[in-house]
Amino acid sequence: MVTTSSNLSAVVIPAFNEAATIAGIAQRACQFTSMVIVVDDGSVDNTAQALESLPVTVLNNPENIGKGKSILRGVKHAIEQGAHSIITLDGDGQHQPEDIPLLLEKSLLHPNTIIIAARLRGRHTAPPLRRFANGFADFWISWAAGQKIRDSQSGYRLYPAEVFQQCNTNSDKFVFESEILIDAAHQGIFSKGVAIDTVYHKNSRASHYRPAADTWEIVMMVARKLILRGFYPRGLARSLGIRTQTPVHHP
């Protein structure tokens, strides 16, 4: 156990038809926190039943409402129970709960920061289309957030509770995880990455992420935000590692 009652980190796992893997993931997450919350997003398999013997909280959505809104439901419950930070991870086995200490340690060094478990080790093993889509999204999201972000599509993150108190992000599906990085940065809560292994199991179920459709929705969301900010040239410069300086106005 790596958390205390005064600095409780909850784990929130959104799950849609993850009966084959969810029990193992949740059980392993229980090694690192006393609060594991699984949000069953209208699954039509035995996702909820697979968790019955485990000391976890299961929130059942009567119908599928999308990953983003499921995360928000789990986060709200965690904060109500006293969590000071929330770790989100997927239930399909690509995220290893044993990496949770890496996020917690990074968070101690960088409080009030979103910590992203970036799949940088062995990234060449990811499907080529997925690598392209992720890189494409990284460019746009980094621009809109005004900082370079690696693996912006990783759903394995640690969020300070303040993120959800200061941001009104309410997108559904996968757009949520991109938009909240931008909205948080605009509130002064930036992101830092910690490297983890890239894991793609050969016999795992097909990803719910649609590389073309979901990436397009993300790009359109980012485009709207950039238009509202006059295309945010300073954000582009910062995302490319170019230092910017606020002009000094002399009388």
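Scroll up a little and you will see the structure.
The structure presented is a predicted model; accordingly, all values stated were derived computationally and were not measured.

What counts and what doesn't
Residues numbered from 1 in each chain as written. Predicted model: local features only at pLDDT ≥ 70, side-chain atom pairs only at ≥ 80, totals over all residues. Heavy atoms only, no water. Helix = DSSP H or I, 4+ residues; strand = E, 2+ residues; numbered from the N terminus. Rg over C-alpha atoms; globule rule 2.2 N^0.38 Å. Buried < 20%, exposed > 50% of the residue type's maximum accessible area, 1.4 Å probe, protein only. Contact = heavy atoms within 4.5 Å. Lys, Arg positive; Asp, Glu negative; His and termini not counted. Charge placed at Lys NZ, Arg CZ, Asp CG, Glu CD. Core = buried A, V, L, I, M, F, W, Y, C linked by side-chain atoms within 4.5 Å. Axes fitted to C-alpha atoms, helices over the stretch in contact; angles between N-to-C directions. Parallel < 35°, antiparallel > 145°, perpendicular 65-115°, else oblique. Left-handed = near helix turned anticlockwise from the far one by under 90°. Nonpolar A, V, L, I, M, F, W, Y, C, P; charged D, E, K, R; others polar. Pairing = 2+ DSSP bridges. Phe/Tyr/Trp six-rings, centres within 6.5 Å; stacked < 30°, edge-to-face > 60°. Lys NZ or Arg CZ within 6 Å of the ring centre and 35° of its normal. Salt bridge = Lys/Arg side-chain N within 4 Å of Asp/Glu carboxyl O.

1. Structural notes on the overall build of the protein
Here is step 1: Counting secondary structure elements, the protein contains 8 helices and 7 strands.
Here is step 2: Scaling as 2.2 N^0.38, a compact globule of 251 residues should have a C-alpha radius of gyration of about 18 Å, and the protein matches this with 18 Å.
Here is step 3: Projected onto its principal axes, the C-alpha positions of the protein cover 70 × 40 × 35 Å.
Here is step 4: When burial is assessed residue by residue, the protein has 52% of its 251 residues classed as buried.
Here is step 5: Of all intrachain contacts in the protein linking residues separated by at least 6 positions in sequence, the fraction that spans at least 24 positions is 75%.
Here is step 6: Each charge sign in the protein was given a centre, from 25 positive and 22 negative side chains, and these centres are 10 Å apart.

2. Quick word on the nonpolar core
Generally speaking, a soluble globular protein has its nonpolar side chains buried in company with each other.
Here is step 1: Among the nonpolar cores identified, the biggest contains 42 residues, and Ile 114, Ile 141, Val 163, Phe 164 and Val 222 are the most heavily contacted of them.
Here is step 2: Elements represented by at least two residues in this core include exactly strand E1 (9-15), strand E2 (36-41), helix H2 (67-80), strand E5 (114-121), helix H4 (128-145), helix H5 (161-166), helix H6 (175-186) and helix H7 (211-228).
Here is step 3: Per element, the largest residue contribution to this core is 7 residues, and it comes from H6.
Here is step 4: Look past the residues within four positions of Ile 114 in its chain and what remains in contact with it is Leu 158, Tyr 159, Pro 160, Val 163, Leu 181, Ala 184, Ile 189, Phe 190, Ser 191 and Lys 192.

3. A word on the packing of H4 against H6
Helix-helix packing is characterised by the crossing angle of the two axes and by the distance between the axes.
Here is step 1: Remark: H4 packs on H6, axes separated minimally by 8 Å, with the N-to-C direction vectors making an angle of 20 degrees. The orientation of H4 with respect to H6, classified from their angle, is roughly parallel. Here the hand of the crossing between H4 and H6 comes out right-handed. When H4 is examined against H6, the residues Ile 141, Ala 144 and Ala 145 are found in contact with a partner set consisting of Ser 178, Leu 181, Ile 182, Ala 185 and His 186.
Here is step 2: For the contact of H4 with H6, the per-class residue count stands at 6 nonpolar, 2 polar and no charged.

4. Structural notes on the sheet that holds strand E6 (residues 157-160)
Here is step 1: Strand order in the open sheet formed by 7 strands is E3-E2-E1-E4-E6-E5-E7, with mixed pairing between adjacent strands. The two strands at the open ends of the sheet, each matched to only one other strand, are strand E3 (57-61) and strand E7 (191-197). Here the average twist between neighbouring strands, direction ignored, is 25 degrees.
Here is step 2: As paired elements, E2 and E3 share 5 bridges and run parallel to each other. For Asp 40, the partnering residue across the bridge sits in E3 and is Asn 60.

5. Brief notes about the environment of Ser 178
Here is step 1: Considering the arrangement of structural elements, one finds Ser 178 in helix H6.
Here is step 2: By relative accessible area, Ser 178 is classed as buried at 1%.
Here is step 3: Through-space distance from the C-alpha of Ser 178 to that of Val 222 is 8.6 Å; in sequence the pair is 44 residues apart.
Here is step 4: The residues contacting Ser 178, other than those within four sequence positions of it, are Ile 141, Gln 153, Ile 218 and Met 221.

6. Points about the packing of aromatic side chains
Here is step 1: Inspection of every chain in the model, using the stated rule, returns 5 aromatic pairs.
Here is step 2: On the basis of an interplanar angle of 10 degrees and a centroid distance of 5.9 Å, the ring pair of Phe 132 and Phe 136 is categorised as stacked. Here Phe 132 pairs with Phe 136, and both are found in helix H4, just 4 residues apart, close to one helical turn.
Here is step 3: Classification of Phe 132 as exposed rests on a relative accessible area of 57%.
Here is step 4: Of the residues examined, Phe 136 reaches a relative accessible area of 35% and is grouped as partly exposed.
Here is step 5: One aromatic cluster is present, formed by Phe 132, Phe 136, Phe 139, Trp 140 and Trp 143 through successive ring pairs.
Here is step 6: The ring of Tyr 232 is capped by Arg 229, whose NZ or CZ atom sits 4.2 Å from the centre of that ring.

7. Description of the pattern of salt bridges
Here is step 1: For the structure on display, the rule yields 7 salt bridges.
Here is step 2: Put simply, Arg 119 and Asp 151 hold a salt bridge, and the shortest N to O gap is 2.8 Å. With Arg 119 in strand E5 and Asp 151 in the loop between H4 and E6, this pair connects stretches of sequence that are 32 residues apart.
Here is step 3: Each of Lys 67, Asp 90 and Glu 177 takes part in a single network of salt bridges with overlapping partners.

8. Focus: the pairing of E6
Here is step 1: Neither face of E6 is open: one carries Arg 157 and Tyr 159, the other Leu 158 and Pro 160, and all of them are buried.
Here is step 2: Taken together, the 4 bridges between strand E4 (residues 85-88) and E6 define a ladder with antiparallel strand orientation. What sits directly across from Ser 85, in E6, is Pro 160.

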